[in-house]
Amino acid sequence: METWAIVSICVLLGLTTRWTVSLNSYSGASKPPMFGDYEAQRHWQEVTYNIPVHQWYFNTTDNDLNYWGLDYPPLTAYHSLLCAHVANLINPDWVKLHSSRGFESPAHKLFMRATVIVADILIYIPAVVIYCLYLTEGSAKRKASMLLCVLLYPGLILIDNGHFQYNSISLGLALWGVLGLGLGWDLLGSLAFTLALNYKQMELYHALPFFCYLLGKCVRQGLTGRGLTALVKIAVTVLLSFALCWSPFLSDPQQAVQVARRLFPVGRGLFEDKVANTWCSLNVLIKIKTLLSPETQIYLSLAATLLAVSPSSVKLLTKPTFWQFRLALVNSSLAFFLFSYQVHEKSILLAALPVCLLMNELPLVSVWFLQASTFSMLPLLLKDGLFLPYIVTSLGFLFFGLHLLSLLDRGTADDLRLGPLCGRLGACLPGLTFSSLVRWGFASSVLAIAALTFSSAVLAAPARFPDLFPVLVSTLTYAHFLGAFVYFSIVQLVDVPRRSSKKKAN
Amino acid sequence: MAVQKKEFCSWFSALAIGVSLLKCLLINTYHSTDFEVHRNWLAITHSLPVSKWYFEEYSEWTLDYPPLFAWFEYGLSHIAKYFDNKMLVLQNLNHASPATVLFQRLSVIFTDLVFIYAVKECCKCVQDKKGTKITLENPRFVLAVLLLWNFGLLIVDHIHFQYNGFLFGILLLSVARHFQGRHLEGAFLFSVLLNLKHIYLYIAPAYGIYLLRSFCFIQDSPDRSIKWRNFSIVRLLELAVIVCSVFAVSFGPFIALGQFPQVVSRLFPFKRGLCHAYWAPNFWALYNAADKALAILGVKLKLLDMQRLPKASMTGGLVQEFRHSVLPSVSPLATLICTLISVLPAILHIWLRPTGARAFLRCIIICAMGSFMFGWHVHEKAILMAVLPLSLLAVENQRDAGIFLILATTANFSLFPLLFTTPELPIKILLMLLFTIYSFTSLRMLFRATGPLINSVESAYLIGFVPLEILCEFVYPLTLWQQTLPFIPLMLTSLYCALGVTYSFLRLYVSLFSGQDFTSKAKT
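What you see as residue numbers is a count from 1 along each chain, following the sequence as written. Working convention: letters from A go to chains and numbers from 1 go to ligands, in the order in which they are written. The predicted origin of the model limits local features to residues at a pLDDT of at least 70 and limits the giving and counting of side-chain atom pairs to 80 or more, whereas totals for whole chains, interfaces and linings rest on all residues. Computation of side-chain values: all heavy atoms of the structure, hydrogens and water removed.

A few words now on the overall build of chain B. A tally of regular secondary structure across chain B gives 22 helices and zero strands. For 524 residues, the compact-globule formula gives about 24 Å, and the C-alpha radius of gyration of chain B, at 24 Å, lands near that figure. Oriented by its inertia axes, the alpha-carbon framework of chain B measures out at about 65 × 60 × 50 Å. Only protein chains enter the accessibility calculation, which uses a 1.4 Å probe. A residue is then buried if its area is under 20% of the maximum for its type, exposed if over 50%, and partly exposed in between. Evaluated residue by residue, chain B yields a buried proportion of 57% over its 524 residues. The contact rule is simple, with two residues in contact once any of their heavy atoms fall within 4.5 Å. Expressed as a percentage of contacts within chain B between residues at least 6 apart in sequence, the contacts between residues at least 24 apart total 77%. Taken as two groups, the 42 positive and 29 negative side-chain charges of chain B have centres that lie 6 Å from each other. A run of DSSP states H or I qualifies as a helix once it reaches four residues; a run of E qualifies as a strand once it reaches two. Both are numbered from the N-terminal end. Only C-alpha atoms enter the radius of gyration; for comparison, a globular chain is expected to reach 2.2 Å times N to the power 0.38, where N is the number of residues. Charge assignment: positive for Lys and Arg, negative for Asp and Glu; neither His nor the chain ends contribute. The location of each charge is read from NZ of Lys, CZ of Arg, CG of Asp or CD of Glu.

All names here are of chain B. Looking at the secondary structure, you find Lys197 in the loop between helix 8 (183-196) and helix 9 (204-215). Any carboxyl oxygen of Asp or Glu within 4 Å of a side-chain nitrogen of Lys or Arg constitutes a salt bridge here. We note that Lys197 is buried and unpaired, the nearest opposite charge coming from Asp157 at a distance of 7.7 Å. Setting aside anything within four residues of it in sequence, one finds Lys197 in contact with Tyr65, Pro66, Gln162, Asn164 and Leu167.

All right, on to the UniProt feature "signal peptide" (unreviewed entry) in chain A then. As annotated in UniProt, the feature "signal peptide" (unreviewed entry) corresponds to residues 1-22 of chain A in the numbering used here. As annotated, residues 1-22 of chain A comprises 91% helix and 0% strand, and the C-alpha atoms at either end are separated by 31 Å. UniProt positions are given in the numbering used here, feature names are shortened, and annotations may be inferred rather than shown by experiment.

On to the pattern of salt bridges. By the definition in use, this model includes 22 salt bridges over all chains. The residue A:Glu2 makes a salt bridge to B:Arg444 at a minimum N-O spacing of 3.4 Å. You can see A:Glu2 sitting in the segment before helix 1 (3-22) and its partner B:Arg444 sitting in helix 17 (residues 425-446), one on each of two chains. On the basis of relative accessible area, A:Glu2 is assigned to the partly exposed category, the value being 31%. For B:Glu185, the salt bridge goes to B:Arg177, with nearest N and O atoms at 2.9 Å. On the accessibility criterion, B:Glu185 (33% relative accessible area) is partly exposed.

Next up on the list: helix 5 (residues 139-148) of chain B. Residues and elements named next belong to chain B. With 10 of its 10 residues buried, helix 5 lies for the most part within the structure. By the burial criterion, the buried members of helix 5 are Pro139, Arg140, Phe141, Val142, Leu143, Ala144, Val145, Leu146, Leu147 and Leu148. Against helix 1 (2-25), helix 4 (98-125), helix 7 (164-179), helix 15 (384-394), helix 16 (398-414) and helix 17 lie the buried residues of helix 5.

Moving on to helix 7 (residues 167-183) of chain A. Residue and element names in this part refer to chain A. Here helix 7 contains 17 residues, and its C-alpha end-to-end distance of 24 Å stays within 8% of the 24 Å for a straight helix at 1.5 Å per residue. Of all 17 residues making up helix 7, 14 are buried, and the element is well covered by its neighbours. Just beyond helix 7, the residue with positive phi is Gly184, at close to 90°. How far a helix is expected to stretch is found by multiplying one less than its residue total by 1.5 Å.

If you look at the interface, chain B gives 31 residues, while chain A gives 27 residues. Summed over both sides, the interface of chain B with chain A buries roughly 2400 Å², with 83% coming from carbon and sulfur. For the pair chain B and chain A, the number of links is one salt bridge. Listed by contribution, the elements that provide at least two residues to the side of chain B that touches chain A are helix 1 and helix 17 of chain B. Here the side of chain B that touches chain A takes 12 residues from helix 17 of chain B, the largest share from any one element. Of the residues contributing to the side of chain B that touches chain A, the split by class is 21 nonpolar, eight polar and two charged. Accessible-area loss on putting two parts together, using a 1.4 Å probe and summing over both, is the definition of buried area adopted here. Note on residue classes: Ala, Val, Leu, Ile, Met, Phe, Trp, Tyr, Cys and Pro are nonpolar, Asp, Glu, Lys and Arg are charged, and everything else, Gly too, is polar.

Residues and elements named next belong to chain B. Here an axis means a line fitted to C-alpha atoms, over the contact stretch when the element is a helix, while the angle between two N-to-C directions is reported on a 0 to 180 degree scale. Running from N to C, helix 16 and helix 17 cross one another at 175°; their axes reach a closest spacing of 11 Å. As far as their axial angle goes, helix 17 and helix 16 are roughly antiparallel. Here Ala401, Phe404, Leu405, Ala408, Thr409, Asn412 and Phe413 of helix 16 lie close against helix 17, whose contacting residues are Met432, Phe435, Thr436, Ser439, Phe440 and Leu443. Grouping the constituent residues of the contact of helix 16 with helix 17 by class yields nine nonpolar, four polar and no charged. Each angle is binned into one of four classes, with values under 35 degrees roughly parallel, values over 145 roughly antiparallel, values of 65 to 115 roughly perpendicular, and all other values oblique.

A word on the nonpolar core. Nonpolar side chains in soluble globular proteins generally cluster together in the buried interior. In terms of nonpolar packing, the biggest core is built from 325 residues, with A:Leu334, A:Met359, A:Phe488, B:Tyr200, B:Ile203, B:Phe404 and B:Leu443 touching the most fellow members. Counting residues per element, this core draws most heavily on helix 14 (residues 357-374) of chain B, at 14 residues. B:Leu443 has contacts with B:Val142, B:Leu146, B:Ala394, B:Val395, B:Ala401, B:Phe404, B:Leu405, B:Tyr438 and B:Leu453, leaving out every residue within four places of it along the chain. Judged by nonpolar contacts, the second largest core, of five residues, contains B:Ala187, B:Leu211, B:Phe215 and B:Leu239. Only buried Ala, Val, Leu, Ile, Met, Phe, Trp, Tyr and Cys residues count toward a nonpolar core, and they belong to the same one when joined by side-chain atoms within 4.5 Å.

Describing an aromatic ring pair means giving the distance of the ring centres and the angle of the ring planes. All names here are of chain B. The aromatic pairing rule takes the rings of Phe, Tyr and Trp, using the six-membered ring of Trp, and pairs them if the centres are within 6.5 Å, calling planes under 30 degrees apart stacked, those over 60 edge-to-face and the rest tilted. For the structure shown, the criterion picks out 61 aromatic pairs over all chains. Both rings, one in Phe69 and one in Tyr163, keep their centres 6.0 Å apart while their planes meet at 65°; by these two values the pair is edge-to-face. Placement of Phe69 in helix 3 (residues 67-83) and of Tyr163 in the loop between helix 6 (151-161) and helix 7 is noted, with a sequence separation of 94 residues between them. Given a relative accessible area of 0%, Phe69 falls into the buried group. For the pair Phe83 and Phe103, a centre-to-centre distance of 5.1 Å together with 50° between the ring planes defines the contact as tilted. With Phe83 in helix 3 and Phe103 in helix 4, this pair connects stretches of sequence that are 20 residues apart. With relative accessibility at 34%, the residue Phe83 sits in the partly exposed group. Its relative accessible area of 3% is what places Phe103 among the buried residues. The structure contains a cluster of three or more aromatic residues connected by ring pairs, namely Phe35, Trp41, Tyr65, Phe69, Phe72, Phe161, Tyr163 and Phe166. The ring centre of Phe8 lies 5.9 Å from the NZ or CZ of Arg140, which sits over that ring. Counting as a charge over the ring demands two things of the Lys NZ or Arg CZ atom: a distance within 6 Å of the ring centre and an angle within 35 degrees of the ring normal.

Here's what the structure looks like:
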């Protein structure tokens, strides 16, 4: 069959899954007074449509920042404004100032869902297709399998098309940045990444690898000659696109400061709810949130994050290859997720995106991680009434991963890029091959996830521990994420030559 | 061989599990009144004694399927009570709690396992192409996708809500048994099918004649003339015992209760009109349109008196009797005669020149299409009875592949009006694109060596569906006519599709008489 047909079938399957998931409930559906992320996005449309730009980020009589005040960078605000104009064309009640608060109707849900899938079609999906076709090694079948698996990754679908957010825009723009760098169009790549950063400040998780890769590459070309001009060009591109995004707020320094203050709300505390990162997991044992002063918490998390992210950044700086870059993206985003301040459970999607990009080279670990990342959002999805789509999409992803990427045959030390390290490990564990060990680990992890999913959904938590299941979920996934961070760091730092895998691919 | 078998199981289970998961994602989509129909039947069979099943009329959706289907609902109701007891109460009209929806949807998904098994058996009947190692180029793979992922079946069963998958499963299994030479099993399955849903009576003539001619005659004479000394009474008796015992189990209790006439009156309600609310794209749709056109023309030319024309909006939405204004009105008997005439040549053909199971399958398809074209009160869904069996022929023969592409695309498009709600609009378009792109590219790949499958006029006709869809569902609702003439898009769809269906019907007849099944038989 022709490639275009296979690609379009994969894309259509991805779109069908997205749309069918979007027919389910969303976050905060008919739950006044605060509702949820769906209402936040609708409220931003209302605010940007009715209020002049200079008041968007300020608390005024018409703009109550305590009710879902705008706290994303300007590009999100512009996107809301664009959606608001369309909404106003269809039904002005959807964005009427004040009176539209908490507006819900089937037609409005349809409109909001459509805006998400349009963003998917315009930004995220084309980037995935290009990545799988042009930056993936191997046969056509392998490329198509990877395309299908990336498009069916449940975490992103459930959060964007179920819970309701626009991660596919920020992640899609970041992916365009990766594409630009991978295909050698550094300027286009940095432009796309700057836009991503200006859509969602959380993209800072990915910023260091982009910076180190580009800097390392320029250093390699010679900082006095071609490298310098390249660096200047990149810097100018970034600065110009930043200035363009922020232009309405640059006239008055007070404006810019206020926007920045809204973007980085340091007063919110070390973590919220139950999130599978170090601080929240540590909190089960030591109550750091109450023991340490807020300021110490900030410095502690900052120091820990920098410490965790520096090895991969330094390595990338000295060896700026595309492979290293992708690994650094994973390591950096995981380091931020595990150690930084004010992390949300949904931020794991930032790590999931670069892991998706490694699905061809490291299929077993990637699928394993992605499965765990979807599972880590289970408490949230249960709250939103998305249990059924969660089960179906997770099963589908696991099954297609196993079937199309033949995961279980790809668990040898060589496949996992751990060749030289495992010689020693094998000596310690006689009678067990490395790959069977990995397989057992994978199987027991899937079983644990299944068991915990079942008990969270069906069993009632004991009265003494009302948060028992969310805590268990976050602890189990924390173990997975920490393991993944260690593993990906080793792979990046040891950097086993890739000859063996290339032979196989051919 | 073992490797091949393992591979077959591997990709087949992937396709089956994939489509089953997709079905699970469709649980929360719109469902039609058929959902309430089946809920009501669950309640009837669960809460009433057998003697009252066919008399109960608290809900307007009375039980009008044959007894075996009622027993099937009875069986389901015993699982249903663990989901939500309230759905089994007769008075709870339109009860659709989340648990009820989940149960009913899952019941369709799980009974589809019969369909999946039947598809697997059908795939085994298809010749493996020699020299292809690539799974995607294997005719069996293509057939499995065309059947399991059939667009029409997916939306009719898993969005609109019906149990066709399980019923077609039995039909395909019966066909596969005939392919495998296990005729008695095939006959048994078909009689069970008839007692589950009597719409399959449409294809009963093909079964009857085929079994008489190819099973009851022990050996074939070389010139295919009928030699009565080859006729085996024993085989006929075997068949009769099987068929009669199935009918006895099904209808026996009702005959014993003296309710047979009541059951039959429920099964064949001739009080309904010639056409369903939305005209199925068949001959009568063209006939109605011609009538309407002539009436308008007559009024324009002052040949007819406006006042004297019968007033009836043909697509008003209600199932009603309808009188034509210019052309003669059609009676149920007339449609029966038309149907019989339309399928008679095909039946005579397999009686006079029996050429094996493939010709039999072709005859089934022609019977299904003949009754679709000329039947009384035909539903648009009935076209699936022709599309699904035709998939089997399409992967083996180039000309059939061409007919399949035209018929399947037309039939699928004609099912679009079933889903008229906006949230389901993207689903139907996406799934339709999925199925159409796959069927075109895969069949073209199978017959790469033998030239194009459809000619330019046919492809122009099929491309016409794109502007038609845009006009009917995107442009027309914005115009003022939407209020005054809301039925125009449905009528256009139905008429345009009727052309394609009629054309495929004629092509199928040509293929039957051109005798290409000889070659297929010689190969097997």
